[in-house]
Amino acid sequence: MKQLMAANWKMNKNWSEAEETASALADAVRGRLPEDREVLIFPPFTALKAVADAVQGEPGIAVGAQDFYPAENGAFTGEISPGMLTDLGVGYALTGHSERRHVLEEDDSFVGAKTAFGLGHDLRIVLCIGETLDQRRSEQVESVLSRQLEAGLAELPADISGESLVVAYEPVWAIGTGEVAGSAEIEAAHGFVRKKLQEMISPIASEIRILYGGSVKPDNAGAIMALDNVDGVLVGGASLTAESFSKIVLA
Ligand code: 13P
């Protein structure tokens, strides 16, 4: 299983800024990326082609989309299909990111429909899950993760490989706050996710990468990567410059 170091640029960077950052990142990691690690960049839709072109032919760097709509085509104004993404060289997509759940009000069943549709249409999916601060304070971490995994993976195509599905644990209270979850909290959550995957989809559960996201920075990435059941990171703010993100990638 290759570790996955992912950059979520969210709604940041125009075409030329994205191209510049992706090229600088490729320069910074070229020849230094360990064999067992890969890099993934989630630019905004408008910069996908620029980033796909900038990293084409770079070993170990892939491109993903932050969202898509679960249909092949049709009357869905403003939406983008998996086929439109794979056509650009996009290999991955996010589903269930906390900003889509909480700002765009996507519910569990829509997240599950997207996850299944994307996997069935040649995308690798990074399904994001995580509890809010209130839910943590009221000791609902496991029940929230359980519900999000069950709904998110409810309609999985039968023949998917472990490599095509990634789960990202991103506690909502640690996203963009500078407040990183503690080692014990991360290990407990990731251990729970692994156990739940084993119960739900045992043949591929051990091959599914579980990423941590939430205020990952160059100075904490190494310690987070060393934790049990942490197979990579999903980074927001600290992925916006090649200087900072390359330190995380090589941590
Ligand atoms: P930050 O790294 O800015 O906390 O964002 C995390 C995130 O939401 C990645 O998807």
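Residues numbered from 1 in each chain as written. Predicted model: local features only at pLDDT ≥ 70, side-chain atom pairs only at ≥ 80, totals over all residues. Heavy atoms only, no water.

**Student:** Looking at this model, I keep getting lost on the pairing of strand S4 (residues 92-95). Mind explaining?
**Tutor:** A regular strand places its side chains on the two faces of the sheet in alternate fashion. The alternating pattern of S4 places Tyr 92 and Leu 94 on one face and Ala 93 and Thr 95 on the opposite face, and all of these are buried. Where strand S3 (residues 61-65) meets S4, two bridges bridge the pair, whose relative direction is parallel. In the strand pairing of S4, Gly 64 is matched with Tyr 92. Taken together, the four bridges between S4 and strand S5 (residues 124-129) define a ladder with parallel strand orientation. When the sheet's bridge partners are listed, Tyr 92 is paired in S5 with Arg 124. (Buried < 20%, exposed > 50% of the residue type's maximum accessible area, 1.4 Å probe, protein only. Helix = DSSP H or I, 4+ residues; strand = E, 2+ residues; numbered from the N terminus. Pairing = 2+ DSSP bridges.)

**Student:** I keep staring at the sheet that holds S5 and nothing clicks. Help me out?
**Tutor:** Backbone-to-backbone hydrogen bonds join strands into a sheet, with any given pair of strands oriented parallel or antiparallel. Sheet architecture is closed into a barrel: eight strands sit in the order S1-S2-S3-S4-S5-S6-S7-S8, paired in parallel fashion. Direction aside, the axes of adjacent strands within the sheet are offset by 25 degrees on average. As judged from the three bridges shared by strand S2 (residues 37-42) and S3, these two strands associate in the parallel manner. Across the sheet, Ile 41 pairs through a bridge with Val 63, a residue of S3. (Axes fitted to C-alpha atoms, helices over the stretch in contact; angles between N-to-C directions.)

**Student:** Got a minute to help me understand unusual backbone geometry in this structure?
**Tutor:** Excluding glycine, residues mostly carry a negative phi; peptide bonds, for their part, are mostly trans. Despite not being glycine, Lys 13 shows a phi value in the positive range, around 85 degrees. Not every positive phi belongs to a glycine, and Ser 215 is a case in point at roughly 60 degrees. In this fold, Ser 215 is placed in the loop between strand S7 (209-213) and helix H10 (218-225).

**Student:** Would you mind showing me how to read the site of the ligand here?
**Tutor:** Taken together, 13 residues sit near the ligand, with Lys 10, His 97, Gly 176, Ser 215 and Gly 237 positioned nearest. Taking His 97, its side chain carries an N or O atom lying 2.8 Å from an oxygen atom of the ligand. Within the contact set of the ligand, an oxygen atom lies 2.9 Å away from a backbone nitrogen or oxygen of Gly 236. In isolation the ligand exposes 310 Å². Once the protein is present, 97% of that is buried. Each residue belonging to the shell around the ligand can be placed in one class, and the counts come to four nonpolar, seven polar and two charged. (Near = heavy atom within 4 Å. Polar contact = N/O pair within 3.5 Å; in protein donor to acceptor, adjacent residues only side chain to side chain. Areas by Shrake-Rupley, 256 points an atom, 1.4 Å probe, with all protein chains shown as cover. Nonpolar A, V, L, I, M, F, W, Y, C, P; charged D, E, K, R; others polar.)

**Student:** What is the right way to read the pairing of S5 from this model?
**Tutor:** In terms of burial, S5 is largely enclosed, as five of its six residues are buried. Judged from the five bridges that link them, S5 and strand S6 (residues 165-169) form a sheet pairing that is parallel. Bridge pairing in S6 places Val 126 opposite Val 166.

**Student:** What is the right way to look at the side chain of Lys 13 in this model?
**Tutor:** Counting through the fold element by element, Lys 13 comes out in the loop between strand S1 (3-8) and helix H1 (15-29). Salt bridges are absent for the buried Lys 13, whose nearest opposite-charge side chain, Glu 17, sits at 6.0 Å. Here Thr 21 takes part through its side chain, which lies 3.1 Å from a polar atom of the side chain of Lys 13. A polar contact is formed between the side chain of Lys 13 and the backbone oxygen of Leu 240, at a distance of 2.7 Å. When residues no more than four places from it in sequence are discounted, the contact partners of Lys 13 are Ala 18, Thr 21, Pro 44 and Leu 240. (Lys, Arg positive; Asp, Glu negative; His and termini not counted. Salt bridge = Lys/Arg side-chain N within 4 Å of Asp/Glu carboxyl O. Contact = heavy atoms within 4.5 Å.)

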